Amino acid sequence: MTQSYHIVGLTGSLRKASMNKTLLKNAALFLPENFTYTYADLGELPLYNQDLEEDLPESVKQFAELCSSADGFLISTPEFNGLITGVLKNALDWVSRKNIGAPLATKPVAIMGATTGPGGTARAQTNLRQLIFALDMDPVNRPELKLSQAHMKFDDEGRLSDFATLQVLQQLMDKFVHKVERSKE
Ligand SMILES: Cc1cc2nc3c(=O)[nH]c(=O)nc-3n(C[C@H](O)[C@H](O)[C@H](O)COP(=O)(O)O)c2cc1C
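If you check an unreviewed UniProt entry, the chain appears there as Chromate reductase from Paenibacillus catalpae. UniProt annotates the chain under Sequence similarities (unreviewed entry) with the comment "Belongs to the azoreductase type 2 family."

Caption draft 1: Inspection of the nonpolar core at higher detail. Residues L10, F63, F73 and L128 are the most contacted members of the largest nonpolar core, which totals 30 residues. Elements supplying a minimum of two residues to this core: β1 (5-11), α2 (58-68), β3 (72-76), α3 (86-94), β4 (108-114) and α4 (122-134). For this core, the element with the highest residue contribution is α2, accounting for five residues. Setting aside chain neighbours within four positions, we find F63 in contact with L10, A40, L42, L45, A91 and V95.

Caption draft 2: Fine view of the pairing of β3. For β3, the buried fraction is high: five of the five residues fall into the buried class. Residues of β3 alternate between two faces, with G72, L74 and S76 on one and F73 and I75 on the opposite face, all of them buried. Bridge count between β1 and β3: five bridges; the pairing is parallel. Each bridged residue has a counterpart across the sheet, and for V8 the counterpart in β3 is F73. Examined bridge by bridge, β3 and β4 share four bridges and lie parallel to one another. Across the sheet, residue L74 finds its bridge partner in β4, namely A110. Read as a crossover between parallel neighbours, the route from β3 over α3 to β4 is right-handed.

Rules behind the numbers
Sequence order sets the numbering: in each chain, residues are counted from 1 along the sequence as written. Per-residue local features are limited, in this predicted model, to residues with pLDDT of at least 70; the limit for side-chain atom pairs, both in listing and counting, is 80 or more; totals at the level of whole chains, interfaces and linings are taken over all residues. Heavy atoms throughout the structure, all of them, feed into the side-chain values; hydrogens and water do not. UniProt positions are given in the numbering used here, feature names are shortened, and annotations may be inferred rather than shown by experiment. Nonpolar core, defined: a set of buried Ala, Val, Leu, Ile, Met, Phe, Trp, Tyr and Cys residues in which side-chain atoms within 4.5 Å join the residues together. For every residue, the accessible area obtained with a 1.4 Å probe (protein chains only) is divided by the maximum for its type, and the residue is called buried under 20%, exposed over 50%, and partly exposed between those limits. Helix numbering and strand numbering both begin at the N terminus, where a helix is a DSSP run of H or I of at least 4 residues and a strand a DSSP run of E of at least 2. Contacts are assigned to residue pairs with any non-hydrogen atoms lying within 4.5 Å of each other. Should DSSP find at least two bridges between two strands, the strands are regarded as paired. When the strands point away from the viewer, a crossover counts as right-handed if the path from the first strand over the helix to the second runs clockwise.

Okay, here's the thing in structure tokens:
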């Protein structure tokens, strides 16, 4: 029987038209048929507060369950003032906690990021890699997917139309899929 895998996508943007969310959708298209993909909406999570751990909010429980069900993660990060956004940091802080099962630890993750600016979220991704290390996740190190001037690189249907970026995304996703499969052997 073919093994199936579940991938969860995260981004630190809450915008309806988020280019990072669109980039995740494009990345998910590279997943094989035996992989399922769920986009996690981080907008309902309260700000992390240790006092809330005594009686976890429903949104946190649901997010923790979603993360527990994941065999791997795709994270597309916006860059706000040179760093990842508070939205993403808040969500990852919640699920870093051992008493809610630390459902990210040791799991494969592929990271990417999209920005209207020229830097392609390079600074935010460096920041995110530090966090991934702290969370004990297992990142794909290369290639790095830094989508600059992203507003010019999708067509009207939200498909990536930039050939060079598509090639990098293909390479990144191949390595990610391989890592997820290996992690379950
Ligand atoms: C508060 C704020 C700070 C920003 N800082 C940066 C930055 O440091 N570097 C950068 O490349 N883009 C920066 N941007 C532009 C974002 O990359 C751009 O808004 C992008 O579209 C956000 O991602 P999204 O489309 O997924 O929402 C900033 C935007 C905002 C709102």
